[in-house]
Amino acid sequence: MSELTPNEILLSEDQIRTRVAEMALEIRRDFPDDLHLIAVLKGAFMFLSDLVRAMPGHVSLDFMAVSSYAKGTTSSGEVRMLKDLEIALEGRNVVIVEDIVDTGLTLTYLQEILRARNPKQLRTACLLSKPSRRQVDVKVEYIGFTIEDRFVVGYGLDFAEQFRNLPHIAVVGP
Ligand code: PRP
């Protein structure tokens, strides 16, 4: 077990629930008919689950898993695909669902490979954004909360695979 523990709630369950419900309606408004959501594992699993439950109408889902090579030691943006999609994107209205955009390298890579599969439209929804950490200018149409550069966990986000199960988002400190 790590010495570090989440010691300050940054975003409460209530704040997250309210904002995620708003995002769900906003996305639905933009895509009232066909809508295909792609969640990026593992961090996005809780966000996706609340997002789709707050979304009226039909929506299809798929999952992909990626891992960045030597994260933190390189800015190459090289990302390894651990699990690919199962459903084709051709002609679909696709929204990538991510927990956080930090440097922007992961999303830049994902948008590039998914755009190559010819969706009708491709947009991105991120629960959290840390703009001060950005290394590349990536477009994210739906952002839940803009936060400062603090290490956050919970609601899907981990520190060494811990704390994903917290129902809120907390700051980790010694
Ligand atoms: C996190 C997050 C994004 C990425 C964002 O994933 O889910 O995929 O980092 O960082 P970037 O903007 O600097 O590229 P992580 O590698 O922690 O994997 P996880 O989702 O399995 O926790």
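Residues numbered from 1 in each chain as written. Predicted model: local features only at pLDDT ≥ 70, side-chain atom pairs only at ≥ 80, totals over all residues. Heavy atoms only, no water.

### Overview of helix 3 (residues 105-115)
Within the sequence span of helix 3, burial applies to Leu105, Leu107, Leu110, Gln111 and Leu114. Buried positions along helix 3 lie against strand 2 (36-41), strand 3 (60-68), strand 5 (93-101) and strand 6 (121-129). (Buried < 20%, exposed > 50% of the residue type's maximum accessible area, 1.4 Å probe, protein only. Helix = DSSP H or I, 4+ residues; strand = E, 2+ residues; numbered from the N terminus. Contact = heavy atoms within 4.5 Å.)

### Notes on unusual backbone geometry
With an omega of 0°, the peptide bond running from Leu41 to Lys42 counts as cis. As for its placement among the helices and strands, Lys42 is situated in the loop between strand 2 and helix 2 (45-53). Of note in this structure, Ala160 is not a glycine but carries a positive phi near 50°. Within the secondary structure layout, Ala160 lies in the loop between strand 8 (152-153) and strand 9 (169-173). Overall, the relative accessible area of 57% leaves Ala160 in the exposed class. In this structure, Glu161 is a non-glycine residue whose phi angle is positive, near 70°. Within the secondary structure, Glu161 is located in the loop between strand 8 and strand 9. With relative accessibility at 47%, the residue Glu161 sits in the partly exposed group.

### Section: the pattern of salt bridges
Across all of its chains, the model carries 13 salt bridges by this definition. A salt bridge links Arg117 to Asp84; the nearest nitrogen and oxygen atoms lie 3.0 Å apart. Linking Arg117 in the loop between helix 3 and strand 6 with Asp84 in the loop between strand 4 (79-83) and strand 5, this pair joins segments that are 33 residues apart in sequence. Between Lys130 and Asp149 there is a salt bridge whose closest N-O contact spans 3.7 Å. Note that Lys130 is positioned in the loop between strand 6 and strand 7 (142-146) and Asp149 in the loop between strand 7 and strand 8, a separation of 19 residues in sequence. Taking relative accessible area as the criterion, Lys130 reaches 6% and is therefore assigned buried. It is possible to trace a salt-bridge network through shared partners that takes in Lys42, Asp158, Glu161 and Arg164. (Salt bridge = Lys/Arg side-chain N within 4 Å of Asp/Glu carboxyl O.)

### So, the layout of surface pockets
Remark: the empty space left among the atoms is shown by a probe the size of a water molecule rolled over them. In this structure, the second largest pocket encloses a volume near 150 Å³. Every residue lining the second largest pocket is listed: Glu13, Ile16, Arg17, Val20, Ala21, Met46, Asp50, Ala54, Tyr155 and Pro167. Going through the elements one at a time, helix 1 (13-30) and helix 2 are the ones with two or more residues in the lining of the second largest pocket. The element that contributes the greatest number of residues to the lining of the second largest pocket is helix 1, accounting for 5 residues. Residues of the lining of the second largest pocket, tallied by class, amount to 7 nonpolar, no polar and 3 charged. (1 Å grid on protein atoms, 1.4 Å probe; cavity = no way out; pocket = protein on both sides within 12 Å on 5 of 7 lines; lining within 4 Å. Points joined across faces, edges and corners; volume = space filled by probe spheres on them. Nonpolar A, V, L, I, M, F, W, Y, C, P; charged D, E, K, R; others polar.)

### Here's the deal with the site of the ligand
In the region of the ligand, 15 residues are neighbours, and Glu98, Asp99, Thr103, Gly104 and Thr106 sit closest. Within the contact set of the ligand, an oxygen atom lies 2.6 Å away from a side-chain nitrogen or oxygen of Glu98. Here an oxygen atom of the ligand and a side-chain polar atom of Thr103 are 2.5 Å apart. When the ligand is considered free in solution it has 500 Å² of accessible area, and contact with the protein chains removes 84% of it. Elements supplying a minimum of two residues to the shell around the ligand: strand 5 and helix 3. For the shell around the ligand, a count of residues per class yields 4 nonpolar, 4 polar and 7 charged. (Near = heavy atom within 4 Å. Polar contact = N/O pair within 3.5 Å; in protein donor to acceptor, adjacent residues only side chain to side chain. Areas by Shrake-Rupley, 256 points an atom, 1.4 Å probe, with all protein chains shown as cover.)

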